[in-house]
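# Results of the structural survey
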Amino acid sequence: MKRGLSFGTVAILHAIADGKRFGFDIMAATGLTSGTVYPALDRLEDQRFVKSAWEDARVAHREGRPPRRYFQLTPAGGEVLAEALQKYKTLRPVTIGVAGKGRR
Amino acid sequence: MTPDPDLGPAPRRADDAPARLPLRLARAAVHLVAPIVPADRRAGWRRQWEADLHYQWAFLTGDAAGHRVSPARALDLLSRAGGVVPHALALRYRSWTMPTLMSDLRYGARTLVSRPGFAAVAVLLLGLGIGANATVFAWVQNFLLRPLPGATHVSDVVVLHGTTKTRRDISMSYPNFADLAARRPDGVLDLAAERFTAVNVRTSGDPERAWAEIVTGEFFELMGVQPAEGRVLSPDDDRTPGGHPVTVLSYRYWQRRFQADPAVIGSTLSINGHPYTVVGVSAPDFRGGMPAMSTDVFVPMMMQASLTPGNRLVERGNAWLTVYARLAPGTGIPTAQAGLSAVAAQLAAEFPDVNTDRGIAVYPLSGDPQSATGIFGPVFMVLGAVVGIVLLIVCANLASLLIVRGASRQREIAVRLALGASRARIIRQLLAENVLLAIAGAAAGVVFAVWASRLFRGFVPPSPLPIDATVQLSSWLPLFSLGLALAATIVFGLLPALQASRPGLVPALRESRGTTGGRRRTRLRNLLVASQVALSALLLVGAALFARTLANAERFDVGFDLDRGLLASVDLLPAGYDQPRGLDLLARLIAEVERIPGVESAAIARDLPLKLGGGSDTSGRIEGYEPARGEEITLFYDRVSPGFFRTLGVPLRDGRVFTARDDGTGEHAVVINETMAKRYWPDGKAVGGRVWLGEWATVIGVVGDLTYTTPGAAPVAFMYLPLAEYYRPDVTLIVRTKGDPDGIVRPVRQALAGLDPDVPLFDVRTMAQHRDMVLFIPRIVATLLGALGAAAMVLAAVGLYGLLAFSVSQRTPEIGIRLALGAQRGQVYRLVVGQGLWLAASGVAIGLGLAALLLPLASSQLIGVGPRDVVAYAAAAFVLLGGAFLASYLPARRAARVDPIRALRYE
């Protein structure tokens, strides 16, 4: 199913494309909360825009920490990200006018 | 800076526990929330969160010796860990929105259709409970939340009232309003003023009494009201006094009186005898600027002199206007209040003679203390409480039904559990059925509400004002109903679903009929039935108290004879009478009416005793009486013709009453009541005393007390002023008859028509009908509580019957054994009826306790009966226990007829 992506979702895809590979890194890069990022990652994975993999347990064990879940963009994810970025690019800078003090 | 995951600082394996507290807390959160996550994803979810938290912890403590982190960093970790809740919920939610939900709903629909009886009862029950609540919701929305339909700016509009030392709801004079508008206080965009008043409108033929709003030129723009035809009034229509004889019709008046004929625009009609040109019709929804009232015509403020007495445009002391202000976007009431108070202080300094101690109070439209909305407020509170209780009873009943249904489906559920369905899956399935019930119940509720919302007319107090009782239903109604139905079925369906899905595989599959029903299940149903009885008891006690109030009020001695009186109102102002001509007409009217056969006497008064809103009052001074510090002498008064006391049969205690000579030309005279005499002349020498009412008036007589407001209210100090001196054109004719008052209505009308055919007689009613007006609220509450209390009792009885019938059918083998072992039929009766009565009695006890706790809140509306009146409580208990006996009798009879042989054969 093809749907317009929210700005938050685009930001998450962008962060992953930029090399941020797991939850808290993506939060730091996007400024979104954990309550937004984690469910969004699951959704993106269901939509096959990202895929995740568990890091090699031996590596983690050697470093004395639990193995992490890393996220990566799929080709489809790369496409929708490029498409979305193209769309945002059409918003060119304008002179910012705000609502005046008219009475009607 | 974001750490590179691969090159990030390596975590250390340190076990200094206190320093790791934030991490432990975060992990505990993961552990706690994990059960929410669907089982197939739970392990991965936990690993992911633990790893990420661990990594973040390592990052935070990386460069800190001994892993000591600042509280800010600890907080950062914990706030990140807070994401586990939405994450888990999102996963759970997604597992539900998967196709299983659709199949749950389909399966639910099939099972409901296969048991149409259960479904129909449940939907009807829900429809009743939801419908009653939706009806009240529609009313509240109409009269409190959207007080001025058709006015598009209404969210920014507030009402301004004048304040004195003691009151915060008085009107404003035109000069004060004009100064206020000219100074445009901070935060206020615009100001408009209006006055609601009765007028005579004549197109051709007889004059008709109609309601006009005299409005300033900004009124329509401030309210945001568009014309439906022609145009609305603008500031240009309101510049020179007397110079703008134009009028805008309300949409309804245009439809009713002119059959929506567009040709009326540009034509002329006569208002109070003055010609006005119709320039437009206001928007269809707009009823006028008075909440819950319906205006017929709008007239510019500058035409005031032809509509109300005096030249009020220049009298600063004459407060008669309601003022509306439109606030600038984002301005709150406190800001506006500050700006307006500053201007009020300026006005008090500039015009100290009338404005000293006067201020301005700002109210939201729905909180206007002067509007009819204020009258509905208490009615809505009672209504809301009562329908809420009905919904609770309905829900308890529904829960009982669902428990029984769960019990009868135990085998089906056990099979599904045995085949590997999870308990959560079963619960979800049962709740899906409830959702379907909720949708159907909400639909039934909306149908009910559409029908019942029309009953609002019955809740409108009888009043000479044109209160608009039409209820417009909004699209919120179905939403409200559905939301309420979903909440009710899910909250009250959860417990039965939890019970039904309790794994107890083996006995259920064996389908043996136990000797008693599941103990937990029975206990829950007992509790539900007892609480239904308790809530019914609360409603019935309330109904009994208000029924006694009505009975008391009808017997109450109000100080005058109610059975032989006729009342009729006249208003001489629209017909163009000045004071001398008006007084002359009224005197001749009294003489004509007294000549009618069957009339004992007649009189004129401005206000009447037994008035809902009380009468007029003024602050005064009394010669020789030194008020205590801070005491303000408030004197209630009425203006009456000399025959008033004779006509109402008010006894004279001392001195004399008015004669035709008390017309202000000689000594100013005042007659006072006993309470006032005792209060201010404790020595008993009231006659000859003097009262300051702008000038000294002498007390010429003392008369007995009357009931001025509600029957049973404490007597207040009251005085009577001669109408001939304190003239008012809008008065009421009081006629005392020898017999039945209905027969003299026609002769009275003819008498007035013979004097002046242009003056309409309106609001003709008997004294008893007038008295009923003040009993309006007790009567409504009694009717409502009685009807809903009866419905609640029937529901509770049905619930009790269902419980006992079910229990009897479950206990058939046990009863069979008892009978086989020699128990008498009578003992079986007692067993079942005893169970029912015991349950009902405990419910009644709780209900009476609740009533004793809650009903004192309604004390102010009770007359001659306390909120803990023994008779009312006993009556409610008796009725409920009687109902409970009947409800237990039928199952008991069935139990007593159990054939021991057949009962035991099943084992």
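The rules we used
- Residues numbered from 1 in each chain as written.
- Chains lettered and ligands numbered in written order.
- Predicted model: local features only at pLDDT ≥ 70, side-chain atom pairs only at ≥ 80, totals over all residues.
- Helix = DSSP H or I, 4+ residues; strand = E, 2+ residues; numbered from the N terminus.
- Buried ≥ 20, exposed ≤ 12 C-beta atoms within 10 Å, placed from the backbone.
- Contact = placed C-beta atoms within 7 Å.
- Core = buried A, V, L, I, M, F, W, Y, C linked by C-beta atoms within 7 Å.
- Axes fitted to C-alpha atoms, helices over the stretch in contact; angles between N-to-C directions.
- Parallel < 35°, antiparallel > 145°, perpendicular 65-115°, else oblique.
- Nonpolar A, V, L, I, M, F, W, Y, C, P; charged D, E, K, R; others polar.
- Expected span 1.5 Å × (residues − 1).
- Pairing = 2+ DSSP bridges.
- Left-handed = near helix turned anticlockwise from the far one by under 90°.
- pLDDT = per-residue confidence, 0-100.

## Let's talk about the overall build of chain B
In terms of regular secondary structure, chain B is built from 27 helices and 22 strands. A burial count over chain B gives 43% of its 907 residues as buried. Restricting the contact set of chain B to residue pairs at least 6 apart, pairs at least 24 apart contribute 83%.

## Remarks on the overall build of chain A
Scanning chain A from terminus to terminus reveals five helices and two strands. From first element to last, N terminus to C terminus, chain A shows the α and β order α-α-α-β-α-β-α. Within chain A, contacts between residues at least 6 apart in sequence are counted, and of these 51% link residues at least 24 apart.

## Digging into the interface of chain B and chain A
Across the contact, 21 residues belong to chain B and 21 residues belong to chain A. For the side of chain B that touches chain A, the secondary structure elements donating two or more residues are helix H2 (39–61) and helix H4 (84–97) of chain B. Among the elements that take part in the side of chain B that touches chain A, H2(B) stands out by supplying nine residues, more than any other.

## Comments concerning unusual backbone geometry
All names here are of chain B. Backbone geometry places Asn272, a non-glycine residue, at a positive phi of 50°. Tracing the backbone through its elements, the reader meets Asn272 in the loop between strand E6 (268–271) and strand E7 (274–282). Of note, the phi angle at Asp357 is positive, near 65°, even though the residue is not glycine. Along the chain, Asp357 falls in the loop between helix H11 (352–355) and strand E10 (359–364).

## A closer look at the environment of Arg231(B)
Residues and elements named next belong to chain B. You can see Arg231 is positioned in the loop between strand E4 (227–230) and strand E5 (246–249). We classify Arg231 as partly exposed; it has 16 C-beta atoms within 10 Å. Remark: the alpha-carbon pair of Arg231 and Ser282, spanning 51 residues in sequence, is separated by 7.7 Å.

## Focus: the nonpolar core
Side chains of nonpolar character tend, in soluble globular proteins, to be buried together. Of all hydrophobic cores here, the largest spans 167 residues; its most connected members are Ala537(B), Val541(B), Met719(B) and Leu800(B). Excluding its chain neighbours within four sequence positions, the residues that come into contact with Met719(B) are Leu635(B), Tyr637(B), Val670(B), Val671(B), Ile672(B), Met676(B) and Val691(B).

## Side note on the packing of helix H1 (residues 7–17) of chain A against helix H3 (residues 34–46) of chain A
Residues and elements named next belong to chain A. The contact between H1 and H3 brings their axes to 10 Å, and the two run at 80°. With respect to H3, the element H1 is oriented roughly perpendicular. Contacts between H1 and H3 involve Gly8, Thr9 and Ile12 on the former and, on the latter, Thr36, Val37, Ala40, Leu41 and Leu44. The class makeup of the residues in the contact of H1 with H3 is five nonpolar, three polar and no charged.

## Details of H2(B)
Across its 23 residues, H2(B) extends 33 Å between first and last C-alpha, which sits within 8% of the 33 Å expected from 1.5 Å per residue. Among the residues making up H2(B), those that are buried are Trp45(B), Gln48(B), Trp49(B), Ala51(B), Asp52(B), Leu53(B), Tyr55(B), Gln56(B), Trp57(B), Ala58(B), Phe59(B) and Thr61(B).

## Side note on helix H18 (residues 579–594) of chain B
With 16 residues, H18(B) extends 22 Å from end C-alpha to end C-alpha; this agrees with the ideal 22 Å at 1.5 Å per step. Where H18(B) is buried, its residues touch strand E12 (599–605), strand E21 (730–737) and helix H21 (745–755) of chain B.

## A word on the pairing of E7(B)
Successive side chains on a regular strand alternate, one facing one side of the sheet and the next facing the other. All names here are of chain B. Strand direction decides the pairing type here: E4 and E7, joined by three bridges, are antiparallel. By the bridge assignment for E7, Glu229 is matched with Val281. Taken together, the four bridges between E5 and E7 define a ladder with parallel strand orientation. From the neighbouring strand, Val248 faces E7, where its bridge partner is Gly280. What sits between the antiparallel neighbours E6 and E7 is a turn of two residues, in which Asn272 has the positive phi angle 50°.

## A short note on the packing of H1(A) against helix H2 (residues 23–30) of chain A
Residue and element names in this part refer to chain A. Taken N-terminus to C-terminus, the directions of H1 and H2 make an angle of 115°; their axes are 9 Å apart at the nearest point. One finds that H1 runs roughly perpendicular with respect to H2. Seen from above, H1 lies across H2 with right-handed handedness. Touching Ala11, Ile12, Ala15 and Ile16 of H1 are Ile26, Ala29 and Thr30, all from H2. Class assignment for the residues of the contact of H1 with H2 results in six nonpolar, one polar and no charged.

## So, the pairing of E6(B)
Residues and elements named next belong to chain B. Taking every second residue as pointing to the same face, the buried face of E6 carries Leu269 and Ile271, while none of Thr268 and Ser270 on the other face is buried. Bridging between strand E2 (residues 188–202) and E6 involves two bridges; their strand directions are antiparallel. Paired with Val201 across the bridge in E6 is Ile271. Where E6 meets E7, four bridges bridge the pair, whose relative direction is antiparallel. Looking across to E7, one finds that Ile271 is bridged to His274.

## Description of the confidence of the model for chain B
All names here are of chain B. Within chain B, residue pLDDT values average 83, and 91% of them lie at 70 or more. Low pLDDT, under 50, characterises residues 1–16; the stretch is placed with 22 contacts to residues that sit more than four places away or in other chains. Residue range residues 511–517 is modelled with pLDDT below 50. Its contacts to residues more than four positions away, or to other chains, number 14 contacts. Interface scoring of the predicted complex returns ipTM 0.80; its pTM is 0.64.

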